[in-house]
Structure formats: structure tokens, C-alpha cells
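# Summary of structural features
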Amino acid sequence: MTRLNRTEIPLRLRRSRLLVLGDVMLDQTVFGQVARISPEAPIPVMRQENIRNQCGGAANTAMTLGALRIPTVLVGVVGTDTAAETLRQELRNNPAAANITANLVSETNRPTTIKQRFRSQGQQIFRLDHETIDSIAETTANTILDTVRRALPDCEAMIISDYAKGVLTPTMLETVIALAHAQQVLVVIDPAPQSLPYYRGADYLTPNRAELRAMIGEFPSSDPGLSTALSTTCQQYDLGGIVLTRSEEGMSLFCHKDNHSSDRGKHHYLSATVREVYDVTGA
């Protein structure tokens, strides 16, 4: 297994244009103080002080790329509600938005996905999700596909951010992967485990350990067994490779198919710097 140095990572991204397609969300954090327990049930009573809204899901991916000054096209679905307007406002007002072209398709009677977290004294008390996992309407899907078709010729890569909220249906995934490859656009997918069969032909998947376990079952944590498990998965689903995120253990990159024959079939490792945290953020 080869250990990668961070300085070896190509620095071409700012000259690239990326397409981000997937489940956009509004991440909303409600801050307050807890001073007592409810007399109605053994639960804390929080007095709300303020609310912070942020882009979540695929919108968070786009915002991260925008903050790195990478030209980014974002395509996703929202409802016709207050949360949708709040999300659009975040995409307009954040400094990173200067590098983002947002294409949010509105669907009537569909709620915008909200992940609402309640925090007090630096700790998350609980989370409330407002969402539907029903598949998007056919008219909405057609609008998304038209937007993707127009954007792909100017893009170097497409990032698919799948949270299984009904936007990335099997037909949608099959179609956009084929469209991207017809334009010689790299396809990288942050996967939802249940959709693995529909990612066939993608260039890279980026699961974490729990997601990979849900997709393929138990696997060894170190070479050579890990390389074998990743190779088998790539062969079965015709994947170019897998980037496995491993928390404090860093990341593993397995190249199944690569333009550089020297990398084909190799397993690389990127270490991580461990930090004590009380809340997590995905890579």
C-alpha cells in the first residue's frame, strides 16, 4: 500500500469547472439555553436564543468548492416553501456564492429538506428532519436532465451527492452517468448504500466505512484484505476506483481503472491528523 503525501495532490482544481448534482438541504441550527427539565416529561426545556442557517447536502459540497474559488454549477430540487427561499438566500449571500451557479428546481407539494439541530452549551441535544424520500416528478426529472445536458460540456467533473431523498432515482443516475461519459466528464459519487447497483460505470465512489459496510458487508480494515474487497466491488459494478474515508485513520484510494497504468490496481493511503471534536463534518 502506497502512502500519499499531501503535496503530491494536483493543484489544478481552480482551473476546472465542476458540476454538483444531488440532494440539496437546509442545515438549520437552533441555539439556546437549557436550565430545567420539563414537568410534562423527563426532557430538557431549551429557551431559543438564535438560529443559524447553512447550505447542506449537495449545496454544502457546492459551497465548499466555491469557497476554494472553484467554478461550480449546482443542480438540485427544493420545494415551494420558506426553507427553499432561505436556501436560495444562503446561496446568494455567502462570499463563496460568487463562484457558484445555482440551478434549484422547485417542485410543488414537495418540502425542502431541512436538518434542524438543537444545541445548548456546545452540545447537540437532538435533531429534527423535515423531508420526503419520494421520487421526484417526471417533469422535475426532465428539467434536471436538461440542465445537466447544458452544463456538462463546460465541466471537467461531475460530483453526485446522494442522500436517498428521491432526486437521484435509478433512471436519473443511469442517464447522467451516461451523459457525463459521452462528454468525457469524470463522475465522482458520494453514495447512498442502497443505490450501489445504480452507480455502475462511475469513475469513483467516496463511501465512509459504515456506508461501504452497508453496501458490501464486513470487510478487512487493512491490506491485503481491504484491497481485495475494494477490487471485487470495482469489478462487480464497473467502477474506476473507490476512495474510502476512514475517520481518524485517514483515507484509502483504490484505483481499479486508471489512465496511468502504473496506478491501476494499486491501493494508496492518505493519513489524517487526529483532533478532539464534539461534532462531525463530512469530507
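The structure we're discussing is the one just above.
First, a word on scope: everything that follows refers to the structure included in this document. As a convention, each chain's residues are numbered from 1 in the sequence order in which they are written. For a predicted model such as this one, the threshold for reporting local features is a pLDDT of at least 70, and the threshold for listing and counting side-chain atom pairs is 80 or more; totals across whole chains, interfaces and linings nevertheless cover every residue. Based on all heavy atoms of the structure, the side-chain values leave hydrogens and waters out of the count.

The next subject is the nonpolar core. Nonpolar cores are built from buried Ala, Val, Leu, Ile, Met, Phe, Trp, Tyr and Cys residues. Side-chain atoms within 4.5 Å join them into one set. Each residue is assigned to one of three classes by its accessible area relative to the maximum for its type, calculated with a 1.4 Å probe on protein chains only: buried under 20%, partly exposed between the two thresholds, exposed over 50%. Among the nonpolar cores identified, the biggest contains 43 residues, and Leu19, Ile144, Met158 and Ile160 are the most heavily contacted of them. When residues no more than four places from it in sequence are discounted, the contact partners of isoleucine 160 are Leu21, Leu168, Leu173, Val176, Ile177, Val187, Val188, Ile189 and Asp190. Core analysis: the next-biggest nonpolar cluster, separate from the first, contains 23 residues, Ala59, Leu65, Ile70 and Val78 among them. Any two residues having at least one pair of non-hydrogen atoms within 4.5 Å are treated as being in contact.

To continue, consider the packing of aromatic side chains. Whether two aromatic rings pair depends on their centres lying within 6.5 Å, for rings of Phe, Tyr and Trp, where Trp uses its six-membered ring; planes under 30 degrees apart make the pair stacked, over 60 edge-to-face, and the rest tilted. The full count for this structure, using the stated rule, is one aromatic pair. The interplanar angle of 15° and the centroid separation of 4.5 Å between the aromatic rings of phenylalanine 118 and phenylalanine 126 together place this pair among those described as stacked. A relative accessible area of 44% means that phenylalanine 126 is categorised as partly exposed.

Moving on to the sheet that holds strand β4 (residues 44-57). The sheet built from four strands is open, its strands ordered β4-β3-β7-β8 with mixed pairing. Since the sheet does not close on itself, it has two edges, and those belong to β4 and β8 (123-130), each with one partner. Mean inter-strand twist for the sheet, computed between neighbouring axes without regard to direction, equals 20°. Each axis is a line fitted through C-alpha atoms, and for a helix only the stretch in contact is used; angles between axes span 0 to 180 degrees, taken between their N-to-C directions. A run of DSSP states H or I qualifies as a helix once it reaches four residues; a run of E qualifies as a strand once it reaches two. Both are numbered from the N-terminal end. Helix α1 (residues 58-67) contacts β3 (24-37) and β4 of the sheet and is inclined by roughly 65° relative to β4. Contacts from helix α2 (residues 82-93) reach β3, β4 and β7 (114-120) within the one sheet, and its direction differs from that of β4 by about 60°. A pair of strands is treated as paired once DSSP finds two or more bridges between them.

Note on definitions: salt bridges are taken to be side-chain nitrogens of Lys or Arg within 4 Å of carboxyl oxygens of Asp or Glu. A full pass over the atoms with the stated rule returns nine salt bridges. Residues glutamate 85 and arginine 92 are paired through a salt bridge, measuring 2.9 Å at the closest nitrogen-oxygen approach. Assessed through its relative accessible area of 38%, glutamate 85 is described here as partly exposed. Between aspartate 129 and lysine 115 there is a salt bridge, with the nearest N and O atoms lying 3.1 Å from each other. Here aspartate 129, found in strand β8, pairs with lysine 115, found in strand β7; they are 14 residues apart in sequence, far enough to count as distant. Residue classification places lysine 115 among the buried residues on the basis of a relative accessible area of 7%. Each of the salt bridges in this network shares a partner with another, and the network as a whole consists of Lys115, Arg127, Asp129, Glu131 and Lys165.

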